[in-house]
Amino acid sequence: MPEIQILSPHVADLIAAGEVVERPASVVKELMENAFDAGAKSVTVELRGGGMTYLRITDDGCGMSPEDAGIAFLRHATSKLRTARDLEAIGTLGFRGEALAAISAVSRIELTTRRRESASGTRMTLSAGEIESMYETGCAEGTTIIVKDLFYNTPARLKFMKSDRAEGSACVQAAFRCALGRPDVSVRCIRDGEEQFFSPGDSRMESCVYSLLGREEAKNMLACSGENEGVTVTGFVSSPAAGKGNRARQFFFCNGRVIRSQALQAALEQAYKNTLLVGKFPACVLYLTLSNAAVDVNVHPAKTEVKFTREREVFDAVYYAVRSALDGEQRTAEVQVSPATQKKAEPRSDFYQTMTSAEFRARQGSANYAPARTYQTHTPRPETSLRSPSAAPRPAYTPAPPMPRPAAPKPEPKREPTPVQTAMEQFPEHAVDQAPEVPARFIGEAMHTYILVEKGETLVLIDKHAAHERINFDRLSAQTEPLMSQTLLSPVPFDAADADAEVLRAQLPLLEEMGFELEELSGDSYLIRAVPALIREQDAAAALEEICADLRHGGLLDPRAARNEILKTVSCKAAIKAGWQTEPQELLKLAEAVLSGQVKYCPHGRPVAVTMTRKELDKLFLRIV
Ligand code: ADP
Ligand code: MG
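Computed from a prediction, not measured in an experiment: that's the story for all the values here.

**Q** Quick one: what's the story with the overall build of the protein, residue by residue and with numbers?
**A** Broken down by element type, the protein carries 19 helices and 22 strands. Taking all 625 residues of the protein together, the buried fraction comes to 50%. Surface summary for the protein: the accessible area is close to 29700 Å², and the carbon and sulfur share equals 53%.

Here it is as structure tokens:
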């Protein structure tokens, strides 16, 4: 056993640095938090080479005096905390006095800073935590920190870095989260010379969310607000019809801090219980405000985990705020866009699905979470509207989404009804195996979505997508040989989220058997070279993303269950969609399959057909009571 030695401060700093600065994205977060704490109104984040070679954060905050700059990079140097008592209620994002020390220990730094009241500023350079030069200089008010050659002196850490692309995306994502948390600060993010996003900083939650999430996503969000036991919740949640394939679009902030919290995630998802399809997740941007004393942020060096003193109250606040937003009666509070913006942002009408309050209530099952007691929610402010940030110095900017989003297929051009359509109106009798005596008549299609069939005294409405999906699924499930594969004309890049990369690695052989061909580029970046022949090229990335999400939640370990999940997605992607123009022959085939009783539920469990009897219709029209 060697002798015990006290580590040198340099080695101790390197070890501590590892906790705070895991990757370039952590540097972005820490420096942005410093800028916010300095009272900045405008922050610019610029990065090159994935953030490892060059990262620059500029703010117009209070700046530092030469004396402060001289000690800011020492460990435990902070202006935000004095005594142990201060730890009980932390009102700033930083407080540990660690970030600058940690970042400078593993990089080369250039700092330029000027306090508002000073005539001149300070310029300083550091390497591996040591000050190399420091002199007076003329510069703008505020602070600019350039971090170069991150991890140049810790090769072990450098080896763990992913591709520039992946690290760069993580940096943008970190900046994005910080920006979303502070509607009162204008944030611009530039990567390799290209603007990634811009938020106006006009203090309006709506314009912040609109400019960062983009109009399409913002349009599907509902305003949300509530209060419980001193915990205020405001923000936006996705409408149930706009569920996501994963949790990447769930953003929680507590007193301006980006946080991760299983309790909040659970509260959010409980509120959606029975309103979202299985495997879909809500999106949200929720701002919690509570007393600084009621939340402990000193849990982990990265400060994203927090402990609530009274977790139950916080859970309730989120749960009820979201419930009240989802409640049909409050749909008037739905995020609105100004008429001009709305016109520009008009969704493809065929694909835009809204849910009426009646539908919502019908779907609303009893959440098995029993509220602690009756609860008063805030009525969402009627003026809450999501306008394009016209007051902003720059036009609305749609950020490059951090996750690959599916490219929605365009509805096929409308065609005139073919002569076949008229000829086919008489439904062939042989199709109705179970009740050949009752002839069925194909009436047509409504809303490019529902097939209408009359069968004796019953009206049958068939969801053409759901029915087709089920037929595909049954056929593929019965198939024993590998699925036909189709090589893509141009391979599609696929950046797997952390959890997805694991899934992909584990299920690669199975995915190959199902017709996917993936090439691992580096870290979690892949190229999709081929997909099952049934999947359209433009659906490739979306399909894979969905499969990953399904596999994560379902049968990761059981190959049969995993195969099933993949087949579900392939069947869904291969199916005709609501809103598409479909040939009458195809509709007829689907109707036949449904009426013959082959097909009852889509693979996700939704019904494929609903029926209405004459009696039910007569009742609706008060012909009978
Ligand atoms: P902490 O944020 O926990 O105090 P840091 O190491 O991140 O620790 O920063 C050390 C100190 O340097 C801060 O307390 C603050 O006084 C000063 N500082 C850091 N960044 C800035 C900035 N952008 N503007 C003004 N002062 C800053
Ligand atoms: Mg800090």
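Picking up where we left off.
**Q** An account of the site of ligand 1 is requested, with residue identities and associated values reported.
**A** Around ligand 1, 18 residues are found, and the nearest of them are Asn-34, Thr-78, Ser-79, Lys-80 and Gly-97. Between ligand 1 and Asn-34, the relevant distance is 2.8 Å, taken from an oxygen atom to a side-chain nitrogen or oxygen of the residue. Within the backbone of Gly-97, a nitrogen or oxygen atom sits 2.7 Å from an oxygen atom of ligand 1. Surface burial for ligand 1 is 93%, taken as the share of its 530 Å² of free accessible area covered by protein chains. Looking at the shell around ligand 1, its residues break down into seven nonpolar, seven polar and four charged.

**Q** Give me the pattern of salt bridges: which residues, what numbers.
**A** Per the stated rule, a full pass over the model turns up 31 salt bridges. With its nearest N and O atoms 3.5 Å apart, the salt bridge here joins Glu-30 to Lys-29. Taken together, the shared-partner salt bridges in this structure form one network comprising Lys-29, Glu-30 and Glu-33.

**Q** Could you give an account of the layout of surface pockets, with specific residues and numbers?
**A** A volume near 1600 Å³ is recorded for the second largest pocket. As for the second largest pocket, its lining consists of 43 residues, and the residues nearest its centre are Arg-23, Gln-173, Arg-177, Arg-260 and Asp-498. At seven residues, helix H6 (residues 164–181) tops the list of elements feeding residues into the lining of the second largest pocket. Class assignment of the residues belonging to the lining of the second largest pocket gives a composition of 17 nonpolar, eleven polar and 15 charged.

**Q** Explain the environment of Ala-542 to me, and be specific about the residues and the numbers.
**A** For Ala-542, the position within the fold is in helix H16 (residues 540–553). Along the primary structure Ala-542 and Phe-494 are separated by 48 residues, whereas in three dimensions their C-alpha atoms are 9.4 Å apart.

**Q** Help me get a handle on the confidence of the model for the protein, residues and values and all.
**A** The pLDDT averaged across the protein works out to 79; a share of 81% of its residues lies at or above 70. Helix H13 (residues 419–423) is the least confidently modelled element of the protein, averaging 31 in pLDDT, while strand E2 (residues 54–59) averages 98, the highest of any element. Confidence drops under a pLDDT of 50 for residues 329–436, and excluding neighbours within four residues, the segment shows 199 contacts in the predicted structure.

**Q** An account of the environment of Val-237 is requested, with residue identities and associated values reported.
**A** Tracing the chain through its elements places Val-237 in strand E10 (residues 231–238). What makes Val-237 buried here is its relative accessible area of 0%. For the pair formed by Val-237 and Leu-268, sequence separation is 31 residues and the distance between their alpha carbons is 8.9 Å. When near neighbours in sequence (up to four residues on either side) are disregarded, Val-237 contacts Asn-220, Met-221, Leu-222, Cys-224, Leu-268, Tyr-272, Ala-283, Cys-284, Leu-286, Val-322, Ala-325 and Leu-326.

**Q** Can you lay out the sheet that holds strand E18 (residues 458–463) for me, pointing to particular residues and giving the numbers?
**A** Read from one edge of the open sheet, four strands run E16-E17-E18-E22, paired in antiparallel fashion. Each edge of the open sheet is held by one strand with a lone partner, namely strand E16 (440–446) and strand E22 (609–613). Mean inter-strand twist for the sheet, computed between neighbouring axes without regard to direction, equals 20°. Two strands pair when backbone bridges link them, and strand E17 (residues 450–455) and E18 are joined in this way by six bridges, in the antiparallel orientation. By the bridge assignment for E18, Glu-454 is matched with Leu-459. Set on the sheet, helix H14 (residues 464–478) makes contact with E16, E17 and E18; between it and E18 the angle comes to about 70°.

**Q** Residues and numbers for the sheet that holds strand E21 (residues 525–532), please.
**A** The strand order E19-E21-E20 describes an open sheet built from three strands, whose pairing is antiparallel. Lying at the two open borders of the sheet, with one neighbouring strand each, are strand E19 (485–495) and strand E20 (517–522). Adjacent strand axes in the sheet meet at a mean angle of 15° when their direction is disregarded. The pairing of E19 with E21 spans seven bridges and is antiparallel. For Phe-494, the partnering residue across the bridge sits in E21 and is Tyr-526. Set on the sheet, H16 makes contact with E19, E20 and E21; between it and E19 the angle comes to about 65°.

**Q** Break down the nonpolar core for me, citing the residues and quoting the values.
**A** Grouped together as the largest cluster of nonpolar side chains are 62 residues, with contacts concentrated most on Val-147, Leu-180 and Phe-197. Counting residues per element, this core draws most heavily on H6, at nine residues. Taken domain by domain, the makeup of this core includes at least three residues from each of domain 1 (9–198) and domain 2 (214–327). When neighbours within four sequence positions are excluded, Val-147 is seen to be in contact with Val-27, Leu-31, Thr-53, Tyr-54, Leu-55, Ile-103, Ser-107, Arg-108 and Ile-109. Judged by nonpolar contacts, the second largest core, of 35 residues, contains Val-233, Val-295, Val-297 and Phe-315.

**Q** How would you sum up the pairing of strand E11 (residues 250–254)? Please name residues and give values.
**A** Most of E11 sits out of view: five of its five residues are buried. Across the two faces of E11 the burial is the same, with Gln-250, Phe-252 and Cys-254 and Phe-251 and Phe-253 all buried. Looking at chain direction, E11 and strand E13 (residues 284–289) are connected through five bridges and run parallel. Residue pairing across strands places Cys-254 opposite Leu-288, the latter belonging to E13. Relative to strand E12 (residues 257–259), E11 runs antiparallel, the two sharing three bridges. Bridging from a neighbouring strand, Phe-253 pairs with Val-258 of E12. Between E11 and E12, which pair antiparallel in sequence order, lie two residues; one of them, Asn-255, sits at a positive phi of approximately 50°.

**Q** Outline the side chain of Ser-199, supporting the account with residue identities and numerical values.
**A** On the secondary structure map, Ser-199 appears in the loop between strand E8 (194–198) and helix H7 (205–213). Using a relative accessible area of 0% as the deciding quantity, one classes Ser-199 as buried. Residues contacting Ser-199, with those up to four places away along its chain left out, are Ala-179, Val-185, Ser-186, Val-187, Ser-211 and Leu-212.

**Q** Outline a nonpolar patch on the surface, supporting the account with residue identities and numerical values.
**A** Where nonpolar side chains cluster on the molecular surface, the patch consists of Leu-7, Val-11 and Ile-15 and spans about 260 Å² of accessible area. Here Val-11 lies in helix H1 (residues 9–20). With relative accessibility at 34%, the residue Val-11 sits in the partly exposed group.

**Q** Lay out the packing of aromatic side chains with the relevant residues and their values.
**A** Applying the stated criterion across every chain yields a total of five aromatic pairs. Consider the rings of Phe-176 and Phe-197, whose centres lie 5.7 Å apart with planes at 85°: the pair is edge-to-face. Of this pair, Phe-176 sits in helix H6 while Phe-197 sits in strand E8, and the two are 21 residues apart along the sequence. Judged by its relative accessible area of 1%, Phe-197 falls in the buried class. Here Phe-253 and Tyr-287 contribute two aromatic rings whose centre-to-centre distance is 5.3 Å and whose plane-to-plane angle is 20°, an arrangement assigned as stacked. Of this pair, Phe-253 sits in strand E11 while Tyr-287 sits in strand E13, and the two are 34 residues apart along the sequence.

What counts, and where the lines are drawn
- Residues numbered from 1 in each chain as written.
- Chains lettered and ligands numbered in written order.
- Predicted model: local features only at pLDDT ≥ 70, side-chain atom pairs only at ≥ 80, totals over all residues.
- Heavy atoms only, no water.
- Helix = DSSP H or I, 4+ residues; strand = E, 2+ residues; numbered from the N terminus.
- Buried < 20%, exposed > 50% of the residue type's maximum accessible area, 1.4 Å probe, protein only.
- Areas by Shrake-Rupley, 256 points an atom, 1.4 Å probe, with all protein chains shown as cover.
- Near = heavy atom within 4 Å.
- Polar contact = N/O pair within 3.5 Å; in protein donor to acceptor, adjacent residues only side chain to side chain.
- Nonpolar A, V, L, I, M, F, W, Y, C, P; charged D, E, K, R; others polar.
- Salt bridge = Lys/Arg side-chain N within 4 Å of Asp/Glu carboxyl O.
- 1 Å grid on protein atoms, 1.4 Å probe; cavity = no way out; pocket = protein on both sides within 12 Å on 5 of 7 lines; lining within 4 Å.
- Points joined across faces, edges and corners; volume = space filled by probe spheres on them.
- pLDDT = per-residue confidence, 0-100.
- Contact = heavy atoms within 4.5 Å.
- Pairing = 2+ DSSP bridges.
- Axes fitted to C-alpha atoms, helices over the stretch in contact; angles between N-to-C directions.
- Core = buried A, V, L, I, M, F, W, Y, C linked by side-chain atoms within 4.5 Å.
- Domains from an automatic or database assignment.
- Patch = residues over 30% accessible without salt bridge, like charges linked within 9 Å, V, L, I, M, F, W, Y side chains within 5 Å.
- Phe/Tyr/Trp six-rings, centres within 6.5 Å; stacked < 30°, edge-to-face > 60°.

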